[in-house]
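Here is how the chains run, residue by residue.
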Amino acid sequence: ETGVTQSPTHLIKTRGQQVTLRCSSQSGHNTVSWYQQALGQGPQFIFQYYREEENGRGNFPPRFSGLQFPNYSSELNVNALELDDSALYLCASSPGGLANNEQFFGPGTRLTVL
Amino acid sequence: AQTVTQSQPEMSVQEAETVTLSCTYDTSENNYYLFWYKQPPSRQMILVIRQEAYKQQNATENRFSVNFQKAAKSFSLKISDSQLGDTAMYFCAFILRDDKIIFGKGTRLHILP
């Protein structure tokens, strides 16, 4: 059983560009959550997908969008990148809601915006 | 507003000692779940322990235990017989029924040989 994987590992973009980050969930997990972790901070919840539908969103602007595919893998898209978007982006998968299910994290994608 | 406060940015203890990490939170809800997560230097976050707010009994997982004080909104983590592999960032977090998990800023724990 493979764990949660994310690609790419590192990414450098310039302000105004767009970026797509990818996450493969653990086998059997239908729920994916995305987090932004700025340097020296705790993760901040961006949004969650359950069975291809957005199932909750944190305080992030609409230029942060996502997608979940039938195989439950997921993408995070960020448009019009800003310098403050530089962070570690984590995804986590779980077999259902977090109240009753453990979520498993991927290693993250380090995004640098210049 | 829902918040999580970890008042100790960094701590160091000798191997085999016991260490307690503090966490307070604020919510007006009555039903929620509390977590401690560990993020080792390799970055992959793992769950250490969880506690349901409706349970009075403190959760325990091997060397890890919590002291949950619901009225005080306090949720501290105790690590007994600390090991070098416990060196990591530790995040306290909680969720309500809507699954919007809220993390604290973390405590960097160093276990010294």
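We now turn to the structure provided with this report. (Residues numbered from 1 in each chain as written. Chains lettered and ligands numbered in written order. Predicted model: local features only at pLDDT ≥ 70, side-chain atom pairs only at ≥ 80, totals over all residues. Heavy atoms only, no water.)

## Digging into the nonpolar core
The nonpolar side chains of soluble globular proteins are, as a tendency, buried together. As a reminder of what qualifies: Buried Ala, Val, Leu, Ile, Met, Phe, Trp, Tyr and Cys residues form a nonpolar core when they are joined through side-chain atoms within 4.5 Å. Relative accessibility decides the category of a residue: with a 1.4 Å probe and only protein chains considered, values under 20% of the type maximum give buried, values over 50% give exposed, and everything between is partly exposed. Each helix is a run of H or I in the DSSP string that is no shorter than four residues. Each strand is a run of E no shorter than two, and both are numbered from the N terminus.
B:Trp36, B:Leu77, B:Tyr90 and B:Leu109 are the most contacted members of the largest nonpolar core, which totals 27 residues. Residue assignment for this core shows that the elements contributing at least two residues are strand E2 (10-14), strand E3 (19-21), strand E5 (33-39), strand E6 (46-52), strand E8 (64-69), strand E9 (74-79), strand E10 (88-95) and strand E12 (107-112) of chain B. The element that contributes the greatest number of residues to this core is E10(B), accounting for four residues. Membership of the second largest hydrophobic core comes to 20 residues, among which are A:Leu11, A:Leu21, A:Phe60 and A:Tyr89.

## Examining the packing of aromatic side chains
Put simply, the test is: In this scheme Phe, Tyr and Trp rings, the latter by its six-membered ring, pair at centre separations within 6.5 Å, and the angle between planes marks the pair as stacked below 30 degrees, edge-to-face above 60, and tilted otherwise.
Evaluated as defined, the whole model comprises 14 aromatic pairs over all chains. Taking the centre distance of 5.6 Å and the plane angle of 40 degrees together, the rings of A:Tyr35 and A:Phe105 count as tilted. Separated by 70 residues along the polypeptide, A:Tyr35 in strand E4 (residues 31-37) and A:Phe105 in strand E10 (residues 104-105) bring together distant segments of the chain. As far as the burial class goes, A:Tyr35 and A:Phe105 line up, both buried. For the ring pair A:Phe105 and B:Tyr37, a centre distance of 5.6 Å and an interplane angle of 85 degrees mean the geometry is edge-to-face. Placement of A:Phe105 in strand E10 and of B:Tyr37 in strand E5 is noted, with the two residues assigned to different chains. Among the residues examined, A:Phe105 registers a relative accessible area of 3% and is labelled buried. Each residue in the set A:Tyr35, A:Phe45, A:Phe105, B:Phe35, B:Tyr37, B:Phe91 and B:Phe103 is aromatic and connected to the rest through ring pairs, giving one cluster.

## Some details on the state of the cysteines
All names here are of chain A. Threshold: Counting rule for disulfides: a pair of cysteine sulfur atoms within 2.5 Å.
The full count for this structure, using the stated rule, is two disulfides over all chains. Paired through a disulfide, Cys23 and Cys91 show a sulfur-sulfur distance of 1.9 Å. Taking the sign of the S-S torsion, 70 degrees for the link of Cys23 and Cys91, the bridge is right-handed. On the criterion of sequence distance, the pair formed by Cys23 in strand E3 (residues 19-24) and Cys91 in strand E9 (residues 87-94) is long-range, its members being 68 residues apart. Here Cys23 and Cys91 have matching classes, each one buried.

## Considering the sheet that holds strand E7 (residues 64-68) of chain A
Strand pairs in the sheet, formed through backbone hydrogen bonds, run parallel or antiparallel to each other. Residues and elements named next belong to chain A. Operational definition: Note: two strands are recorded as paired if DSSP finds a minimum of 2 bridges between them. Simply put, an axis is a line fit to the C-alpha atoms, just over the touching stretch for a helix, and the angle between two N-to-C directions goes from 0 to 180 degrees.
Taken in spatial order, the four strands line up as E1-E3-E8-E7 in an open sheet, and their pairing is antiparallel. Edge strands, defined here as strands with exactly one partner in the open sheet, are strand E1 (5-7) and E7. For this sheet, the mean angle separating the axes of adjacent strands, direction not counted, is 20 degrees. Judged from the five bridges that link them, E3 and strand E8 (residues 74-78) form a sheet pairing that is antiparallel. Its bridge partner lying in E8, Leu21 is registered against Leu76.

## Considerations on the pattern of salt bridges
This is how the line gets drawn: In what follows, salt bridge is the name for a side-chain nitrogen of Lys or Arg lying within 4 Å of a carboxyl oxygen of Asp or Glu.
For the structure shown, the criterion picks out eight salt bridges over all chains. A:Arg57 serves as the salt-bridge partner of A:Glu54, at 3.4 Å between the closest nitrogen and oxygen. Residue A:Arg57 is classed as partly exposed on the basis of its relative accessible area, which comes to 22%. The salt bridge involving B:Asp86 is made with B:Arg63; its shortest N-O contact spans 2.9 Å.

## Notes on the layout of surface pockets
So the rule is basically this: Using a grid of 1 Å spacing that covers the protein atoms alone, one calls a set of points a cavity when a 1.4 Å probe fits there but cannot get out, and a pocket when the set is open and has protein on both sides within 12 Å along at least five of seven lines; lining residues are those with an atom within 4 Å of a point. Grid points are joined across faces, edges and corners, and a volume is the space filled by probe spheres set on the points. Three classes are used: nonpolar for Ala, Val, Leu, Ile, Met, Phe, Trp, Tyr, Cys and Pro, charged for Asp, Glu, Lys and Arg, and polar for all others, with Gly counted as polar.
Here the largest pocket defines a volume of roughly 480 Å³. Along its surface, the largest pocket is lined by 20 residues, and A:Gln44, A:Phe45, A:Asn59, B:Ile101 and B:Ile102 are the ones closest to its centre. Of all elements in the fold, only strand E5 (44-50) of chain A together with strand E11 (102-103) of chain B reach the threshold of two or more residues within the lining of the largest pocket. For the lining of the largest pocket, the class distribution of residues is nine nonpolar, seven polar and four charged. Elements with a minimum of two residues in the lining of the second largest pocket: E10 and E12 of chain B. Grouping the constituent residues of the lining of the second largest pocket by class yields nine nonpolar, six polar and three charged.

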